[in-house]
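If you want the building blocks of each chain, they are given just below.
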Amino acid sequence: MAPKPRVRFAPSPTGELHVGNARTALFNWMFARHFGGEFILRIEDTDESRSALSYQLNLIDDLKWLGMDWDEGPQKEGAYGPYKQSQRLNIYEDHLQKLIATDKVYPCYCTEEELEEERQSLILSKRMPRYMGKCRNLSPDERKAREEQGRKHSYRFKVPHLTVEFDDLIRGAMKFEGEAIGDFIIVRSNGMPAYNFAVVIDDHLMAITHVIRGEDHLSNTALQIMLYRAFGFESPTFAHHCLILGKDRSKLSKRHGSVSVGEFRKQGILPEALINYLGLLGSSFTEGREVLSREEMIAAFSLERASKSGAIFDEEKLHWLNAIYIRNCENEDFIKRLFPFLQQAGYQPDKLDAQWLKNVIDTVKNDLIKLTDIGGHIRFFFDEQYELTDAAKEILATEGARKVVTTFGEYLAAAQGLPKDLYAGAIKYVKEKTGVKGKELFMPIRAALTGVVHGPELDRVFEVLGKEKAAKRLQQYNK
Ligand code: GLU
């Protein structure tokens, strides 16, 4: 039997967790869970100028919120740690020494300006910009001279002029020509390892079997395979999934709208909905099913099904799924999740009668798309927020409408009973007494009871408002 897969998600904590990266994490996580393997979280924080601890903490929090648990990584140390690259610098240094000893790298003294100049002149002469190897064959004396000038140096890998071929699990046979690739930096002049160098060492030492990541890393993979060979390591299997695109088919970015997990979280998208949506994007499940639980997605997951062409991010579809998950959310749990959103909307849910709040939420739940919608949907249940909109005023402006409303109030004033029966009785009474029915009957009552012209079923609204509140609201039309 093939060994259990070990996969990793290796984010750089340089910003909020983008949905594209969350999807990469999800593919790895589902792959690991599907095959009973291990999912490793590794923080790639060697770019000191761009990495921040706050991003790292956010990222960890977002992954937990999404329910993607890792078997090894920060807060879950395992046999292959540490899992933060900034804590592995000695490992990279040892590996650099190996490449120096086997003459596979060389120090490069070129400055930023010199490199830029070379780049521009290659572009001008219509050649592919790349490093042309200026420092590759410096003599020991030439090196010494540069050192004496106080120049700092990076280390570059001597790219062999060979063809790199590999079989991508999603894209099939891939081929890159070494000749087209310039000697690339593996250790920067500040001593920090470059991405391609650190990632190869880590993936090897952490016994990663499959590298699943976005297709934007395809050309990096060619470089990484060269490094695997230089070290004499066996390469993992690669799978490069398509990227998430905006509606204009360019890579999904801020200008398309919300793109980070944090933003969707703040808007009140449920993690189940986001996970379901991201799992759906760019791969299809059996029988065209679209609403799938984590367990169902794990069971159905296969990389072969992932599409090669870009997946277009459709926020409306995410909203559609979210509304479904809201509807299916068990009530107690749902109210708990709603608490911060209620507070944010200015309510004090802990000071309200729990049963009444539950009734209020039950009444509007099916109309919510995002949790942030809650404030607007429940306003009219609160006297201090009850207020007629212009549309409601317009409806109540006619003599007929007012008659409906006052007749409804008249019944309430005289009748006794449960709200449910009172409502049915009042409607019957108004019908009989005024002869009005349908829209002409219900709209004025809705407008007067809620101040707005759209909302949940009127009988439910009435039940939650209760006789007293309802009667008070109708009283003002008695004049
Ligand atoms: N730190 C890299 C990134 O965030 C990891 C890419 C990879 O999976 O190798 O893009």
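Data block above holds the structure.
The model shown is predicted, which means the values in this text are computed figures rather than measured ones. (Residues numbered from 1 in each chain as written. Predicted model: local features only at pLDDT ≥ 70, side-chain atom pairs only at ≥ 80, totals over all residues. Heavy atoms only, no water.)

Draft legend 1. Just the site of the ligand, in detail. Near the ligand the following residues occur: Arg-8, Ala-10, Pro-11, Ser-12, Glu-44, Tyr-195, Val-199, Arg-213 and His-217. Ala-10 is positioned with one of its backbone polar atoms (N or O) 2.8 Å from a nitrogen atom of the ligand. Here an oxygen atom of the ligand and a side-chain polar atom of Arg-213 are 2.7 Å apart. Contact with the protein chains removes 83% of the 300 Å² of surface that the ligand exposes when unbound. (Near = heavy atom within 4 Å. Polar contact = N/O pair within 3.5 Å; in protein donor to acceptor, adjacent residues only side chain to side chain. Areas by Shrake-Rupley, 256 points an atom, 1.4 Å probe, with all protein chains shown as cover.)

Draft legend 2. Spotlight on the sheet that holds strand E4 (residues 154-157). Spatially, the 3 strands line up as an open sheet ordered E3-E4-E7, and their pairing is antiparallel. Strands with a single pairing partner mark the edges of an open sheet, and in this sheet they are strand E3 (105-108) and strand E7 (185-187). Sheet twist, expressed as the mean angle between neighbouring strand axes with direction ignored, is 45°. Relative to E7, E4 runs antiparallel, the two sharing 2 bridges. Among the inter-strand pairings, Tyr-155 is bridged to a residue of E7, identified as Val-187. (Pairing = 2+ DSSP bridges. Helix = DSSP H or I, 4+ residues; strand = E, 2+ residues; numbered from the N terminus. Axes fitted to C-alpha atoms, helices over the stretch in contact; angles between N-to-C directions.)

Draft legend 3. Representation of the packing of aromatic side chains in the model. The tally for this structure, following the rule as stated, stands at 16 aromatic pairs. Plain terms: the ring middles of Phe-231 and Phe-233 are 4.9 Å apart, the flat faces sit at 15° to each other, and that makes the pair stacked. Given a relative accessible area of 14%, Phe-231 falls into the buried group. Here Phe-408 and Phe-462 contribute two aromatic rings whose centre-to-centre distance is 6.0 Å and whose plane-to-plane angle is 75°, an arrangement assigned as edge-to-face. With Phe-408 in helix H16 (residues 399-414) and Phe-462 in helix H19 (residues 458-475), this residue pair connects regions lying 54 residues apart in the sequence. Phe-462 carries the same exposure label as Phe-408, and that label is buried. (Phe/Tyr/Trp six-rings, centres within 6.5 Å; stacked < 30°, edge-to-face > 60°. Buried < 20%, exposed > 50% of the residue type's maximum accessible area, 1.4 Å probe, protein only.)

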